[in-house]
Amino acid sequence: MQTELLSPDIETLVKEERYADVARFLSTRHPTEDAELIEGLEPEEIYHLFKKLDPRTAIDIFRELPDTLQSETAELLSDGELTRLLKILPPDERADLAKSISEDRLDEVLPLLAQKERDEIKQLSSYPEGTAGSVMTTDYVAFPESFTVQEAINRIRLEGAQREAVSIIFVLTEERKLCGYVTLTDLILAKPTATLASIKKEPAGEITADADQEEASFTITKYGLLVLPVVDSSGLLIGIITHDDAMDVVEEERTEDMERFMAITGKHQETSYLNTSAWAHFSRRVIWLVILAIFDFFSGAVLQTYENTIAHLMLLTFYIPMLTDMGGNTGSQAATVIVRALALKEIDKSDILRVVWKELRISLMLGLVLGAIAFLRVNLMSGGTTIPASLTLVQIGVAIAFALAVQVISATIIGAALPLISAAFKVDPALVASPALTTIVDITGLLIYFGITKAMLGI
């Protein structure tokens with residue numbers, strides 16, 4: 001058997017029902033790579049393949065599969081197999097899988113789990129998607145502040161292998177309120193008789209379970225944390241968010257922002273591009289495009305309004321592409337910068353006046369440069385064009401240059417203000433920053449262009 005296989009090779013072997021050959025190959029690789037190779041298979045094929053794998057390897061690969069494929073594969077497991085899987089998975093992944101399978105199936109396997117596992121599923125499943133609670137785990141190490149260093153080390157030796165994160169140990173009051181933390185290094189270097197209260201450090205950050213998951217990932221990134229404690233409204237420690245889970249949130253949020261910036265709606269598909277159906281791609285793209293197509297009717301209406309102006313000076317139409325391109329580009333630049341600043345919490349909606357003032361100064365400089373380019377272009381490249389005897393190329397160039405400069409200023413201000421306005425109304429800034437911006441800038445740009453040139457040239 002060849003040492004390296006690609007997804008098409010694996011699919012061929014699976015069609016031939018050579019599951020044992022594929023299983024031997026997958027056993028030599030990292031689970032993440034294995035998941036990427038088999039995610040194009042049908043759930044039934046993955047199920048048969050898993051039965052040929054060592055149970056530990058199969059579970060490791062299962063954990064790396066997209067959520068949708070996980071739930072579809074889990075539905076094929078027997079009650080015993082599904083129960084064993086749920087017992088082995090970390091608490092947060094166990095809850096995610098429990099939420100994704102059918103209620104009838106969950107009712108069948110829940111009684112087969114220990115009470116502690118059922119309580120964890122119930123607790124973690126109760127938090128809405130997108131909150132810190134929905135991505136936290138209860139698999140953490142925490143001791144009372146009255147514990148000695150030796151007592152803490154002994155307990156870690158007994159229970160540490162069952163915990164997801166043991167490098168950070170949280171310190172609690174008698175009421176189980178978070179009051180600090182220590183690291184494994186702190187425990188190793190401290191005197192065995194010292195209490196945790198005497199060596200604890202203040203937590204760099206914490207978050208409530210109902211906070212936005214993006215806020216959690218931002219806090220972890222800002223303070224460089226390995227784990228972030230999650231507390232309830234009373235300050236009681238109820239879970240942690242690990243660094244790798246936070247990075248998953250960052251990737252998810254960035255992907256969703258990028259898709260919304262490009263007018264793609266709906267929930268982000270975790271499956272790869274090739275494994276997502278054409279219909280799914282279509283349905284997520286078409287909605288905004290139809291809306292924008294309807295609004296583009298206004299652009300046509302503007303052109304019809306100035307039909308006589310265009311007929312009198314056809315040269316104006318030659319510079320419409322430059323006008324719309326510059327407006328769209330400068331507006332998108334401003335919107336991108338502001339959306340990023342909002343995401344990094346460098347600004348918020350209350351800074352709108354300061355932002356507009358800053359972007360106004362920037363746009364004035366941009367308008368001066370681009371207007372000068374437009375003036376030169378008109379005079380250098382339009383010499384053979386027919387124009388009315390009452391006008392000169394210099395006059396036309398000045399009018400077009402001034403209109404373009406005003407369009408650049410207008411587009412930049414709109415591009416900066418739209419994300420802040422949408423944030424004020426609790427609408428995702430990325431959703432309106434690009435799709436809506438392009439259409440608005442096109443319509444306002446045509447009105448500015450023809451309004452100014454008509455007034456300045458008297459046509």
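Keep in mind that this is a model prediction, so the values were computed, not measured.

A. Local environment of the overall build of the protein. Looking only at helices and strands, the protein features 23 helices and six strands. A globule of 459 residues ought to have a C-alpha radius of gyration of about 23 Å, yet the protein, at 30 Å, is considerably larger. Considered along the principal axes of its C-alpha atoms, the protein spans approximately 95 × 65 × 40 Å. Within the protein, the proportion of its 459 residues that are buried is 46%. A fraction of 66% describes how many contacts in the protein between residues 6 or more apart in sequence connect residues 24 or more apart. Summed over all atoms, the accessible surface of the protein reaches about 24,000 Å², with 59% contributed by carbon and sulfur. For the protein, the distance from the average position of its 39 positive side-chain charges to the average position of its 66 negative side-chain charges is 5 Å.

B. Here's a closer look at the sheet that holds strand β4 (residues 207-208). One open sheet accounts for three strands, arranged β4-β5-β6; its pairing is mixed. Strands at the two margins of the open sheet, each flanked by one partner only, are β4 and β6 (237-242). Pairing of β4 with strand β5 (residues 227-231) involves two bridges; the strand directions are parallel. For Thr-208, the partnering residue across the bridge sits in β5 and is Val-231.

C. Representation of the packing of aromatic side chains in the model. Summed over the entire model, instances satisfying the criterion amount to five aromatic pairs. On the numbers, 5.3 Å between centres and 15° between planes, the contact of Tyr-306 with Phe-450 is stacked. One end of the pair, Tyr-306, is in the loop between α17 (278-305) and α18 (307-312); the other, Phe-450, is in helix α23 (residues 435-457), with 144 residues separating them in the sequence. Residue Tyr-306 shares its accessibility class with Phe-450, and that shared class is buried. On the numbers, 5.2 Å between centres and 65° between planes, the contact of Tyr-449 with Phe-450 is edge-to-face. The pair formed by Tyr-449 and Phe-450 is uniform in burial state, with each residue classed as buried. Note that Lys-345 overlies the ring of Phe-218, its terminal NZ or CZ placed 5.6 Å from the centroid.

Quick notes on the rules
- Residues numbered from 1 in each chain as written.
- Predicted model: local features only at pLDDT ≥ 70, side-chain atom pairs only at ≥ 80, totals over all residues.
- Heavy atoms only, no water.
- Helix = DSSP H or I, 4+ residues; strand = E, 2+ residues; numbered from the N terminus.
- Rg over C-alpha atoms; globule rule 2.2 N^0.38 Å.
- Buried < 20%, exposed > 50% of the residue type's maximum accessible area, 1.4 Å probe, protein only.
- Contact = heavy atoms within 4.5 Å.
- Areas by Shrake-Rupley, 256 points an atom, 1.4 Å probe, with all protein chains shown as cover.
- Lys, Arg positive; Asp, Glu negative; His and termini not counted.
- Charge placed at Lys NZ, Arg CZ, Asp CG, Glu CD.
- Pairing = 2+ DSSP bridges.
- Phe/Tyr/Trp six-rings, centres within 6.5 Å; stacked < 30°, edge-to-face > 60°.
- Lys NZ or Arg CZ within 6 Å of the ring centre and 35° of its normal.

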